[in-house]
Amino acid sequence: MAVDPHWLADLQRYAMRRPFLKEQSIWAVWVYRLGRRIDTYPEGRAKKILTALYWPLFRCIETVLGISLPKSALIGPGLRIWHFGGIFIHPSAVIGANCTLRQGVTIGNRHEDGPVPVIGSNVEFGAYAQVLGGVRIGDHCRIGAMSVVLCDVPNGATAVGAPARIVYQPDNVAPSS
Ligand SMILES: CC(C)(COP(=O)(O)OP(=O)(O)OC[C@H]1O[C@@H](n2cnc3c(N)ncnc32)[C@H](O)[C@@H]1OP(=O)(O)O)[C@@H](O)C(=O)NCCC(=O)NCCS
Ligand SMILES: CC(=O)OC[C@H](N)C(=O)O
């Protein structure tokens, strides 16, 4: 069976020997990719059994590491999580390729059942950054530590503060994809 290319890209972001022994967050990324993979299997007994095994694994990771990456969230290849604890991604969130999360990051709704963020690729989240509601974060953005982002952030921009303000925005910004 072919190895999941998204998982291979994740591994490249953990550029070290034996990351499973050094970075707990990679356990959470592995379980997330496993869940996504199981969802692609044809309906049947094998999928039912694997799904039944997946859920307790997901709950263990969520409880022990404090990293919640629901398999229904769409997260592109090359996910890197620095550290662990208090990392909650909404089940409907969309996150592009090569993004970096850190401890305390929340990507979720602003009100119960409200819309959730869509994040571009190559976005870097500082520790405890909160991105809330139906906002769009462009590609190559940086979100400062402890920031609360309630507005769109254009490609390449840096947003900091609570509520966040744009402190850097490149010239000739290409529209978000
Ligand atoms: C957002 C960040 C990437 C910006 O770095 P930078 O491009 O070098 O920007 P600067 O340091 O020049 O700051 C630009 C402005 O934003 C402010 N700022 C920077 N980070 C901020 C933050 N997290 N919260 C509030 N304001 C912040 C600076 O005070 C400065 O304001 P001023 O122009 O009014 O003086 C960086 O500050 C950051 O927060 N990185 C996260 C790192 C992290 O999480 N580390 C923990 C590792 S576990
Ligand atoms: C706690 C800390 O500074 O960790 C550093 C790590 N390289 C990171 O970017 O998160």
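In this text, all values refer to a predicted model and were calculated from it rather than measured experimentally. (Residues numbered from 1 in each chain as written. Chains lettered and ligands numbered in written order. Predicted model: local features only at pLDDT ≥ 70, side-chain atom pairs only at ≥ 80, totals over all residues. Heavy atoms only, no water.)

I keep staring at the site of ligand 1 and nothing clicks. Help me out?
Close contacts around ligand 1 come from 13 residues, with Gly126, Ala127, Arg142, Gly144 and Ala145 the closest. Between ligand 1 and Ala145 there is a distance of 2.7 Å, counted from a nitrogen atom to a backbone nitrogen or oxygen. The fraction of the free accessible surface of ligand 1 (910 Å²) that becomes covered by protein chains is 44%. Of all elements in the fold, only strand S14 (158-160) and strand S15 (165-168) reach the threshold of two or more residues within the shell around ligand 1. Of the residues assigned to the shell around ligand 1, the class counts are 4 nonpolar, 6 polar and 3 charged. (Near = heavy atom within 4 Å. Polar contact = N/O pair within 3.5 Å; in protein donor to acceptor, adjacent residues only side chain to side chain. Areas by Shrake-Rupley, 256 points an atom, 1.4 Å probe, with all protein chains shown as cover. Helix = DSSP H or I, 4+ residues; strand = E, 2+ residues; numbered from the N terminus. Nonpolar A, V, L, I, M, F, W, Y, C, P; charged D, E, K, R; others polar.)

Where do I start with the site of ligand 2 in this structure?
Close to ligand 2 lie Trp82, His83 and Arg102. With respect to ligand 2, the side chain of His83 contributes an N or O atom lying 2.9 Å from an oxygen atom. Taking Arg102, its side chain carries an N or O atom lying 2.7 Å from an oxygen atom of ligand 2. If ligand 2 stood free it would expose 300 Å²; the protein chains cover 45% of that surface.

When you look at the layout of surface pockets in this model, what are you seeing that I'm missing?
Empty space among the atoms becomes apparent when a probe as large as a water molecule is rolled across them. Approximately 180 Å³ is the volume attributed to the largest pocket. Lining of the largest pocket is provided by Met1, Ala2, Val3, Asp4, Trp7, Trp30, Arg33, Leu34, Arg37 and Tyr41. In terms of residue count, helix H3 (residues 25-39) provides more of the lining of the largest pocket than any other element does, 4 residues in total. Taken together, the residues of the lining of the largest pocket break down into 7 nonpolar, no polar and 3 charged. (1 Å grid on protein atoms, 1.4 Å probe; cavity = no way out; pocket = protein on both sides within 12 Å on 5 of 7 lines; lining within 4 Å. Points joined across faces, edges and corners; volume = space filled by probe spheres on them.)

Honestly, the side chain of Asp139 in this entry has me stumped. Any pointers?
Inspection of the secondary structure assignment puts Asp139 in the loop between strand S11 (136-137) and strand S12 (142-143). No salt bridge forms around the buried Asp139; measuring N to O, its nearest opposite-charge neighbour Arg136 is 8.2 Å away. Reaching out from Asp139, the side chain makes a polar contact with the backbone nitrogen of Ser121 at a distance of 2.8 Å. (Buried < 20%, exposed > 50% of the residue type's maximum accessible area, 1.4 Å probe, protein only. Lys, Arg positive; Asp, Glu negative; His and termini not counted. Salt bridge = Lys/Arg side-chain N within 4 Å of Asp/Glu carboxyl O.)

Would you mind going over empty space enclosed by the protein with me for this structure?
Within the structure shown, the criterion is met by 1 cavity of 30 Å³ or more. Counted as a void, the largest cavity has a volume near 40 Å³. Forming the boundary of the largest cavity are Ala28, Val31, Tyr32, Phe58, Ile61, Ile67 and Leu69. Here the lining of the largest cavity takes 3 residues from H3, the largest share from any one element. Residue classes in the lining of the largest cavity are distributed as 7 nonpolar, no polar and no charged.

Help me understand unusual backbone geometry in this model?
Residues other than glycine predominantly adopt negative phi, and peptide bonds predominantly adopt the trans conformation. In this chain, Ala162 is followed by Pro163 through a cis amide linkage whose omega measures -5°. Structurally, the position occupied by Pro163 is in the loop between S14 and S15. Despite not being glycine, Asn122 shows a phi value in the positive range, around 55°. Inspection of the secondary structure assignment puts Asn122 in the loop between strand S8 (118-119) and strand S9 (124-125). The phi angle at His140 is positive, at roughly 55°, despite the residue not being glycine. Examined against the element boundaries, His140 turns out to sit in the loop between S11 and S12. Residue classification places His140 among the exposed positions, given a relative accessible area of 51%.

Even after reading the chapter, I still don't get the sheet that holds strand S2 (residues 74-75), so can you show me in this structure?
Paired through their backbone hydrogen bonds, the strands of a sheet run either parallel or antiparallel. The parallel open sheet is built from 4 strands, whose spatial order is S2-S5-S8-S11. This sheet does not close on itself; its edge strands, each paired only once, are S2 and S11. Examined bridge by bridge, S8 and S11 share 2 bridges and lie parallel to one another. In the sheet register, Ile119 faces S11, and the bridge partner there is Ile137. (Pairing = 2+ DSSP bridges.)

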